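# Structural overview for review
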Amino acid sequence: MTTDYKKPLPYIHDETRTYWEGAKNHELLIRKCRACGAYHYYPRDLCPSCFSFDVDWVRASGRGIVYSFTVCHRPARGFEEDVPYNIAIIELEEGIRMMSTVVGCPNADIRIGMPVEVVFDDLTVDVTLPKFRPVDS
Amino acid sequence: MGALTKKAAIVGVAESDLGYTPNKTFLQLIAQATKRALDDAGLTIHDIDGFFSAGWTTMESMMVAEYLGIRPSYSDNTMPGGAAFEFHVQHAAAAISAGLCDTALICYAETRLSDRKKGIAMNFTAGSPQEPEEQFDVPYGLWVPIPVYALSAQRHMYQYGTTSEQLAEIAVAARKWASLNPVATMRDALSIDDVLASPMMSTPLHLRDCCLVSDGGGAVIITAAERAKDLRKQPVWVLGCGESHTHRSIAAMPDLTVTPARYSGERAFRMAGLGPSDIDLLELYDSFTITVLLQLEDLGFCPKGEGGRFVEGQRLAPNGTCPVNTGGGGLSYIHTGMFGIFLLIEAARQLRGECAGRQVRGVKTALCNGIGGNLASSGTVILGVD
Ligand SMILES: [Zn+2]
């Protein structure tokens, strides 16, 4: 854990605090609608499938696949020393997708469809970022 | 005939100075384009009662109208990114049809290249902290626009076997058109191998899969059908239009291989009472090569997944069977940040037969499609001449 983390950090507010508290506890928490059963991401106070405001927090399995990815050869602000680095859209087992990154394997080994599982990167005392690593299928 | 078919026509179009204009502000460029478009139409600033503007500065529409000396009775600053001006055409045709205004000005300019060189470029990845992308995407190193479009291209390759060579065909065709356009930025020959050998930006997109960064802007004048018939130039009729947006963050795109052009295109074709086989010329938003390929599929010019094979053999190039981006596109002609206005300008000129060395023969219909905001918005405009 570093205290001089230079990359952009999320602005955490009441609507999303449970998600980020979950990440700190190394749990991936997602929202599920009690009215229609749909999961959604990013977490919000309403269900974008049916507009119900009766939405639960549930723990995701943490397993998924790489839906798409790109290896950035030009950096975002704060990522200058990481080039080339990957960003990936992960499709969770629950059927929803989230932005993340694949760790634990070289960029050249990342494939769309490859099974991954969540790992937690404790960036600062306040912020832990869910990332994904390959698992044997 | 659909709700807005032939209710309004484009009667004046113009670009500002283009390329690198370090001594001009975007307001000067907008004024220059507006003056030229009014002259093209044979109208004056006093004829404008509908005002359409999109840009990145605070309350830009009022600033621009103030600068030009316009006090509009109808004003619209719809801002769905690069597709803004296709949205504006539909809104202008609707407002004119409803009698809320008679003659509309659509205008825009940016100075991205100069700003970058002066070190005053906008940072597009530093939005309000309340934006969901700032919270859930940016901490992973996502920036816009190149990696966003790369995520789509990678998925299209995986699902349909699309290749980098096929994407390069699009850049090469654009360059051939640009070589015929005296005001295009990049006019030297470009080969598929050149595209593949250009620096990798964000896999699988190379530098030459990406649009230019330029200064410049444009203006488009639209007026009511009755008035259009009496003006200087042949009316370019609005036959059909449609608009759609499906998401904002690329992670929320319902399918990374399907843009909202599928929906805006359907609506525009239905309104015009036309289909893809009726279209003589395509002006498609080419922020990236993949953007063109997705639009060809989503607008029905080839089946989903066939875009790569469709563009092979330089089909989109001069003398190809499907002329696309006849001015050279955002890839080789100009890209100021929101290319959509240049799609309309080039289509109108082609329909009037004003394009000299790059004129496509016998053009009666043209389709313009703008894409903006992380493949999130799409505006389709079908134009035609009698
Ligand atoms: Zn629901």
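Look up a bit, the structure's there.
Procedures and definitions
Residues numbered from 1 in each chain as written. Chains lettered and ligands numbered in written order. Predicted model: local features only at pLDDT ≥ 70, side-chain atom pairs only at ≥ 80, totals over all residues. Heavy atoms only, no water. Axes fitted to C-alpha atoms, helices over the stretch in contact; angles between N-to-C directions. Helix = DSSP H or I, 4+ residues; strand = E, 2+ residues; numbered from the N terminus. Parallel < 35°, antiparallel > 145°, perpendicular 65-115°, else oblique. Left-handed = near helix turned anticlockwise from the far one by under 90°. Contact = heavy atoms within 4.5 Å. Nonpolar A, V, L, I, M, F, W, Y, C, P; charged D, E, K, R; others polar. Salt bridge = Lys/Arg side-chain N within 4 Å of Asp/Glu carboxyl O. Buried < 20%, exposed > 50% of the residue type's maximum accessible area, 1.4 Å probe, protein only. Expected span 1.5 Å × (residues − 1). Disulfide = S-S within 2.5 Å.

### Focus: the packing of helix α6 (residues 146-160) of chain B against helix α11 (residues 289-298) of chain B
Residue and element names in this part refer to chain B. For the pair α6 and α11, interaxial distance at closest approach is 10 Å and the crossing angle is 55°. One finds that α6 runs oblique with respect to α11. In this structure, α6 meets α11 at a crossing whose hand is left-handed. Facing Y149, S152, A153 and H156 of α6, the residues of α11 in contact are I290, T291, L293, L294 and E297. Looking at side-chain class alone, the contact of α6 with α11 contains five nonpolar, three polar and one charged residues.

### Quick word on the pattern of salt bridges
Applying the stated criterion across every chain yields a total of 27 salt bridges over all chains. For A:D82, the salt bridge identified is with A:K7, shortest N-O distance 2.5 Å. Of the two residues, A:D82 is situated in the loop between β4 (63-72) and β5 (85-92) and A:K7 in the segment before α1 (17-24); the sequence distance between them amounts to 75 residues. Assessed through its relative accessible area of 28%, A:D82 is described here as partly exposed. Measuring nitrogen to oxygen at the nearest pair gives 2.4 Å for the salt bridge that ties B:D40 to B:K233. Within this pair, whereas B:D40 is found in helix α1 (residues 26-41), its partner B:K233 is found in the loop between α9 (225-228) and β8 (236-245), the two being separated by 193 residues in sequence.

### Quick word on α6(B)
Residues and elements named next belong to chain B. When the terminal C-alpha atoms of α6 are compared, their 21 Å separation across 15 residues agrees well with the 21 Å that a helix rising 1.5 Å per residue should span. Burial runs high along α6: twelve of the 15 residues are buried. Of the residues flanking the end of α6, it is G161, one or two places downstream, whose phi is positive at about 75°.

### What about the state of the cysteines?
Residue and element names in this part refer to chain B. Going through the model one piece at a time under the given rule, you end up with zero disulfides over all chains. C107 carries a free sulfur, and the closest cysteine sulfur to it, the one in C101, is 13 Å from it. By relative accessible area, C107 is classed as buried at 1%.

### Here's the deal with unusual backbone geometry
All names here are of chain B. Note that the residue after V144, namely P145, is joined by a cis bond; omega there is 0°. With respect to the helices, strands and loops of the structure, P145 is situated in the loop between α5 (132-136) and α6. Each neighbour pair has its own omega, and for T203 with P204 the value is 5°, a cis peptide bond. Looking at the element boundaries, P204 is found in the loop between β5 (200-202) and β6 (205-206). Within the chain, N374 stands out as a residue other than glycine whose phi angle is a positive 65°. Within the secondary structure, N374 is located in the loop between β10 (365-372) and β11 (377-384).

Such coordinate-based values are descriptive only and should not be taken to indicate function.
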